[in-house]
Amino acid sequence: MPNKNPRILIIDDDEGFCQMVSNRLERSGFSVVSANSAAAGLEENAASEFDVILLDHVLPEQDGLSLLAALQSRSNAPPVVYLTGMQDSRVAVAALKAGAADYVVKDLHGDFLLLLENAITNAMFTTALKRERERAEAAVRTARDEFKALAEERALLLREVNHRVSNSLQLIASLLHFQGDVSGNADVKAALKEANGRVLAVARVHRSLYTSFDVRWVTLSDYLASLIRDLEDVSGGESSNSVISFSGAPIQISPDAAVSIGIVTTELILNALKHAYPNGRGQVRVLIRLRESEIDLLVEDDGVGTQDDPPEKKKRRGLGQRIIAGMAEKLEGALRYEKLSPGTRAVLTFPLGDHIRVLESEKALT
């Protein structure tokens, strides 16, 4: 039994019938209240809480179907077991369609009372399950809404953090740029310019994140195109008469991986501008190429080409080369150089992984 001493309301104009049913149900542990008219039934239902209502089909003032609708207008209305003395199944079907939990045919010579008690118990059990399911669904909706609100708040906070970090890094980059402009030492000027480019590579990632609706991903082509514009804006000397172009496949990448790729790209561009064109004028091309299981980052020029360094010089790698090697290792990739006619191509190859997401349109082309 779902509840202790469940309360039953009988709405039936036959007082003898009500008494007989009450006696049986009370022996089974129910608490029973009788109402001998539709008006009395509505009044009892409004005044008290019941677990089940037994409703007769034929009443003096109105039929049971119209009273059924009135009983169910109350919020959390109890289930109704419909009682009818007719064998016509159309009455039972109409009652079920109107919202009755069950129906029992009044056959006082058969197992009516047993069937009635079973119908009451089933109606209570079914209603309890329904209400429990509704509570669970409401709890799920509340939790989902709360999670959505927290996720939106977290995303907003992350965008704000990325905004502040980007602004701070931009300030640092500007200070490095200004310091390089006022320095009279060519080596210091070059070192500060290279440091400026590295800071910009990181700042651009944070700028991409605070303007994005999904802070988990950076669109690599947009990020590198913006980074190249920054390098063109802040670089002097070698790049003042140079053209840097970019093309790339539509790929999204994690912020950490984007930082590594951005720093490598910056180092390779600055290296090309510094060493490829002695006259300070030329082209640098940056390309992102998607292959079946790998991605290539290519930086190439039409300059004088690479020179074969002696073994002792190869051992003394500069800061830029060490940075490139470290970033390539983070990407689980490798860097190689290819001789062109004329020029040089640097190729960083790294594998596709969970930190890289290729857009569907690009998958269809590969």
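Worth saying up front: this structure is predicted, and the values here are computed from it rather than measured.

A. Seen up close, the overall build of the chain. The helix and strand inventory of the chain stands at 11 helices and 13 strands. Taking all 366 residues of the chain together, 39% fall into the buried category. Carbon and sulfur atoms make up 52% of the accessible area of the chain, which totals about 20200 Å².

B. Geometry of the packing of aromatic side chains. Across all of its chains, the model carries 1 aromatic pair by this definition. When the ring of Phe-17 is compared with that of Phe-112, the centres are 5.7 Å apart and the planes differ by 40°; the resulting orientation is tilted. With Phe-17 in helix 1 (residues 15-27) and Phe-112 in helix 5 (residues 112-182), this pair connects stretches of sequence that are 95 residues apart. Phe-112 shares its class with Phe-17; the two are buried. The ring of Phe-17 is capped by Lys-106, whose NZ or CZ atom sits 4.2 Å from the centre of that ring.

C. Representation of the side chain of Glu-267 in the model. Structurally, Glu-267 is set in helix 8 (residues 255-275). Under the relative-accessibility criterion, Glu-267 is labelled buried at 5%. Here Glu-267 is in contact with Arg-198, Gly-320, Ile-323 and Ile-324, once residues within four sequence places are set aside.

D. Main features of the sheet that holds strand 13 (residues 356-358). The 3 strands are arranged 6-8-13 in an open sheet whose pairing can be described as antiparallel. On the outer flanks of this sheet lie strand 6 (218-219) and strand 13, each paired with one strand and no other. Pairing of strand 6 with strand 8 (residues 251-253), which is carried by 2 bridges, proceeds in the antiparallel orientation. The partner of Thr-219 across the bridge, within strand 8, is Gln-252. Across the sheet, helix 8 is in contact with strand 6 and strand 8; its angle to strand 8 comes to roughly 110°.

E. Main features of unusual backbone geometry. Omega for the bond connecting Ser-341 with Pro-342 falls within 30 degrees of zero, at 0°, which places this linkage in the cis form. Looking at the element boundaries, Pro-342 is found in the loop between strand 11 (334-339) and strand 12 (344-351).

F. Spotlight on helix 8. Here helix 8 is 21 residues long and its end C-alpha atoms lie 30 Å apart, about the 30 Å a rise of 1.5 Å per residue gives. Most of helix 8 sits out of view: 17 of its 21 residues are buried.

G. Summary view of the environment of Leu-108. Tracing the backbone through its elements, the reader meets Leu-108 in the loop between strand 5 (102-105) and helix 5. Note on Leu-108: relative accessible area 52%, which makes it exposed. Spatially, the C-alpha atoms of Leu-108 and Phe-17 are 9.4 Å apart, while their sequence positions differ by 91 residues.

H. Highlighting the sheet that holds strand 3 (residues 52-56). As summarised here, the arrangement of the 5 strands in space is 2-1-3-4-5, forming an open sheet in which the pairing is parallel. At either end of the open sheet lies a strand with only one pairing partner, and these are strand 2 (31-35) and strand 5. Looking at each pair of strands side by side, their axes are set apart by 20° on average, direction ignored. By the bridge criterion, 5 bridges tie strand 1 (residues 7-11) to strand 2 in an arrangement that is parallel. Each residue of the ladder has a partner; that of Leu-9, found in strand 2, is Val-33.

About the criteria used
Residues numbered from 1 in each chain as written. Predicted model: local features only at pLDDT ≥ 70, side-chain atom pairs only at ≥ 80, totals over all residues. Heavy atoms only, no water. Helix = DSSP H or I, 4+ residues; strand = E, 2+ residues; numbered from the N terminus. Buried < 20%, exposed > 50% of the residue type's maximum accessible area, 1.4 Å probe, protein only. Areas by Shrake-Rupley, 256 points an atom, 1.4 Å probe, with all protein chains shown as cover. Phe/Tyr/Trp six-rings, centres within 6.5 Å; stacked < 30°, edge-to-face > 60°. Lys NZ or Arg CZ within 6 Å of the ring centre and 35° of its normal. Contact = heavy atoms within 4.5 Å. Pairing = 2+ DSSP bridges. Axes fitted to C-alpha atoms, helices over the stretch in contact; angles between N-to-C directions. Expected span 1.5 Å × (residues − 1).

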